[in-house]
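Listed below, chain by chain, are the residues.
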Amino acid sequence: MRNTASNDKLRNIAIIAHVDHGKTTLVDAMFRQSGLFREGQDVDERIMDSMDLERERGITISAKNCSVEYKGVKINIIDTPGHADFGGEVERALFMADGALLLVDASEGPLPQTRFVLRKALEAGLTVIVAINKIDRKDARPDEVLDEIYDLFIDLDANEEQLDFPLLYVVGRDGVARLKLDEQSENLLPLFELIVGEVPAPRYDPAAPFQMLVADLGYNDYLGRLAIGKVIGGTAHSRDSLVCIGEGGARSALKISSLQVYQGLKFSQVDSVGPGDIVVLAGIEDVRIGDTISTADNPRPLRRITVEEPTVSMRFGINTSPFSGQEGKLVQSNKIRERLRRETLQNVAIKVDESAESDTFIVKGRGEFQLAILIETMRREGFELSVGRPEVILKKENGKVLEPIEHFFVDCEEGFIGVVTEKLSVRKGKMINMVNHGSGRVQLEFSVPSRSLIGYRDEFLTDTRGTGIMNSYISGYEEYRGDFPSRFTGSIVADRQGRATPYALYNLEPRGSLLISPDTQVYEGMIIGEHNREDDINANATKEKKLSNMRAANKDDAVILAPVVPITLERALFFIRDDELVEVTPESIRLRKKQLSAQKRNVIRSAKFKKSR
């Protein structure tokens with residue numbers, strides 16, 4: 001058996017939490033109490049949420065690293081996303097960790113995304129510290145939540161050692177941690193002590209050559225491509241000649257031009273790195289996540305990072321509307337292709353395939369929310385594109401069609417049980433559990449096809465009057481459960497280009513709910529409203545009131561229209577049917593028909609009708 005040693009000056013820990021359970025706030029407090037900032041320094045809140053989208057939505061989208069010092073021990077903190085759609089981020093982030101801090105809200109308890117990431121941590125054999133956060137909430141129930149955490153560990157097949165987890169009670173906002181509920185504490189020292197005492201130091205073989213698995217990628221204008229990962233064994237120095245082992249064993253030589261490690265939130269240049277260090281290495285351009293960087297004279301590949309297969313696909317294409325190129329700078333298909341290719345290099349959960357249609361790509365991911373974030377990021381970068389409705393990816397095994405199934409959790413008031421159950425049963429969902437604590441709210445669990453939940457969130461919030469909470473995670477693949485209607489309404493489609501007038505929209509209101517306001521520029525084939533009936537109708541949204549000597553010219557100003565709810569990207573993606581697209585530009589989100597010409601749509605509809613007879 002090989003001799004092993006440990007790097008006792010290092011601890012690598014990942015933080016696991018559901019969305020809005022206080023993970024980023026706790027990290028802020030750890031930064032402040034570790035002495036990372038000087039006294040009186042003005043520091044933003046939620047420092048780890050560096051992306052604009054993360055700050056706007058209050059969620060962690062991409063896994064990021066940082067470090068703090070405590071009693072001479074460097075603690076590398078790996079921030080993991082709390083949403084199952086970013087599972088690729090979770091899996092590669094956990095590879096760099098030797099332990100995990102599970103943060104759970106003292107009122108809400110462990111939720112589905114907590115389950116998803118914790119399962120990955122337990123499978124990786126990480127030491128888990130449990131912290132019950134927000135114990136100062138009026139509705140906090142820490143004892144019940146602790147029982148739920150034990151149930152979750154047992155449900156995830158945790159072994160006896162994992163079940164005997166260290167426990168903390170935390171108020172992340174105040175930077176306070178305590179070992180027992182009735183203890184008094186003014187800081188996070190109990191948390192730092194547990195991390196140093198319970199999380200194992202990185203272990204390595206002193207005789208092994210240098211090995212580093214690339215878990216993340218970055219880019220610097222001066223250094224070029226950056227490979228980020230954890231050193232498994234050996235040491236490396238700046239200017240060393242190494243080799244990158246890619247998929248299939250392909251090798252390419254590299255020379256280290258820069259070695260950096262995390263010092264707080266920033267990079268720090270170093271001359272050498274050793275086992276357990278999380279390193280940022282420059283000197284190679286053609287590198288992918290999952291590659292191994294090793295010594296040239298004794299190259300040893302590590303097991304590549306693998307993530308679960310994508311479950312949702314979407315069609316990405318160029319913007320072919322009459323307004324193409326008016327609002328965005330990047331409209332060409334080769335620019336979109338290059339941007340999507342770069343995304344696959346940085347995100348192992350995203351895959352891109354060429355489509356049979358010209359200037360069109362099929363993008364696959366772990367969920368529609370992940371793809372919506374990608375689209376939103378691209379539009380902010382200046383891209384114009386058109387995207388289709390999210391579709392689940394089906395499998396075929398033994399002659400049977402299989403589809404992804406989600407474990408779906410609902411928390412709602414008792415009076416909404418009927419409408420929620422009815423809607424989900426229509427969508428081929430099956431109730432598997434119901435818990436009623438007698439508080440007026442109930443917890444329901446369903447087994448639901450993933451395609452059933454595409455577009456259901458808005459309907460769910462309407463049905464529960466905004467008081468319901470829904471969460472889900474992929475539980476596996478099952479036999480296809482049959483078809484169901486995705487939308488019971490049609491579209492109101494503009495039949496000509498021009499400026500929408502109050503008079504025309506006022507006369508269209510009885511036909512359905514409008515998606516545009518007066519003075520909006522429209523074009524033929526653009527969707528301007530939701531029809532009350534199942535079929536589509538073409539309408540003139542630019543029609544003006546005929547004037548005569550019996551009416552004043554400003555009479556039109558007295559028209560009062562119902563307020564229009566601004567359409568968001570997610571709402572647009574869930575609203576469209578298979579023959580419709582979302583036009584996305586840096587300034588606008590429009591809905592349109594794939595075939596803009598009303599005459600051609602009629603020909604296609606007639607051909608389908610004849611074929612079905």
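Thresholds applied
- Residues numbered from 1 in each chain as written.
- Predicted model: local features only at pLDDT ≥ 70, side-chain atom pairs only at ≥ 80, totals over all residues.
- Heavy atoms only, no water.
- Helix = DSSP H or I, 4+ residues; strand = E, 2+ residues; numbered from the N terminus.
- Buried < 20%, exposed > 50% of the residue type's maximum accessible area, 1.4 Å probe, protein only.
- Contact = heavy atoms within 4.5 Å.
- Salt bridge = Lys/Arg side-chain N within 4 Å of Asp/Glu carboxyl O.
- Pairing = 2+ DSSP bridges.
- pLDDT = per-residue confidence, 0-100.
- Axes fitted to C-alpha atoms, helices over the stretch in contact; angles between N-to-C directions.
- Parallel < 35°, antiparallel > 145°, perpendicular 65-115°, else oblique.
- Nonpolar A, V, L, I, M, F, W, Y, C, P; charged D, E, K, R; others polar.
- Arc of directions from axis to C-beta.
- Polar contact = N/O pair within 3.5 Å; in protein donor to acceptor, adjacent residues only side chain to side chain.
- Core = buried A, V, L, I, M, F, W, Y, C linked by side-chain atoms within 4.5 Å.

1. A closer look at the overall build of the chain
For the chain, the count of helices and strands is 14 helices and 37 strands. Buried positions account for 53% of the 613 residues belonging to the chain. Within the chain, residue pairs in contact and separated by at least 24 positions form 72% of the contacts whose partners lie at least 6 positions apart.

2. Side note on the pattern of salt bridges
Enumeration over the complete set of coordinates arrives at 31 salt bridges. Among the ionic pairs, glutamate 580 bridges to lysine 593, the shortest N-O distance being 2.9 Å. You can see glutamate 580 sitting in strand S36 (residues 580-584) and its partner lysine 593 sitting in strand S37 (residues 589-593), a full 13 residues away along the chain. You'll find glutamate 580 and lysine 593 in the same group, each marked buried. Several salt bridges converge on common partners, so that one network encompasses Asp536, Arg577, Asp579, Glu580 and Lys593.

3. Things to note about the pairing of strand S34 (residues 526-531)
With 5 of its 6 residues buried, S34 lies for the most part within the structure. When strand S30 (residues 490-494) meets S34, the two strands line up antiparallel, connected through 4 bridges. The residue bridging valine 493 from the neighbouring strand is isoleucine 527, located in S34. Bridge count between strand S32 (residues 512-514) and S34: 3 bridges; the pairing is antiparallel. Of the residues in S34, the one forming a bridge with leucine 514 is glycine 529. Looking at chain direction, S34 and S37 are connected through 2 bridges and run antiparallel. Among the inter-strand pairings, isoleucine 527 is bridged to a residue of S37, identified as leucine 591.

4. Some details on the confidence of the model for the chain
Counting all residues, the mean pLDDT for the chain is 80, and 88% of those residues have values of 70 or more. In the model, residues 37-51 has pLDDT below 50 throughout and makes 38 contacts with residues more than four positions away in sequence or in other chains. Under a pLDDT of 50 for its full length, residues 53-63 has, in the predicted model, 48 contacts with residues more than four places off or in other chains.

5. Topic: the packing of helix H1 (residues 23-33) against helix H7 (residues 189-198)
Put simply, H1 and H7 touch, their axes get as near as 11 Å, and they point 90° apart. In terms of orientation, H1 and H7 fall into the roughly perpendicular class. Here Leu26, Met30 and Gln33 of H1 lie close against H7, whose contacting residues are Leu189, Leu191, Phe192 and Ile195. Considering only residue class, the contact of H1 with H7 consists of 6 nonpolar, 1 polar and no charged.

6. Side note on helix H11 (residues 456-463)
Considered for burial, the residues of H11 that qualify are Tyr456, Phe460 and Asp463. Looking down the long axis of H11, one finds its buried residues gathered within 65° of arc, a one-sided arrangement. At the C-terminal side of H11, arginine 465 shows a positive phi close to 55°.

7. Re the environment of arginine 465
Examined against the element boundaries, arginine 465 turns out to sit in the loop between H11 and strand S29 (469-479). The spatial distance from the C-alpha of arginine 465 to the C-alpha of cysteine 412 is 9.9 Å, given a sequence separation of 53 residues.

8. Here we look at the side chain of lysine 230
For lysine 230, the location among the structural elements is in strand S11 (residues 224-233). With a relative accessible area of 8%, lysine 230 lands in the buried category. Within the local environment of lysine 230, its side chain forms a polar contact with the side chain of aspartate 98, the two groups lying 2.8 Å apart.

9. Re the nonpolar core
Where a protein is soluble and globular, its nonpolar side chains tend to be buried together. Membership of the largest hydrophobic core comes to 62 residues, with the highest contact counts inside it found for Leu102, Ile132, Ile149, Phe153, Leu281 and Ile293. With residues up to four places along the chain from it excluded, the contact list for leucine 281 reads Met212, Arg225, Leu226, Ala227, Leu242, Leu254, Ile256, Ser258, Leu259 and Ile293. One finds Phe361, Phe383, Ile527 and Ile589 within the second-largest nonpolar core, a separate group that totals 30 residues.

10. Quick word on H1
The periodicity of an α-helix, 3.6 residues per turn, causes residues three or four positions apart to be oriented the same way. Among the 11 residues of H1, 8 are classified as buried, and the element is accordingly described as predominantly covered. Listing the buried residues of H1 in full gives Lys23, Thr24, Leu26, Val27, Asp28, Ala29, Met30 and Phe31.

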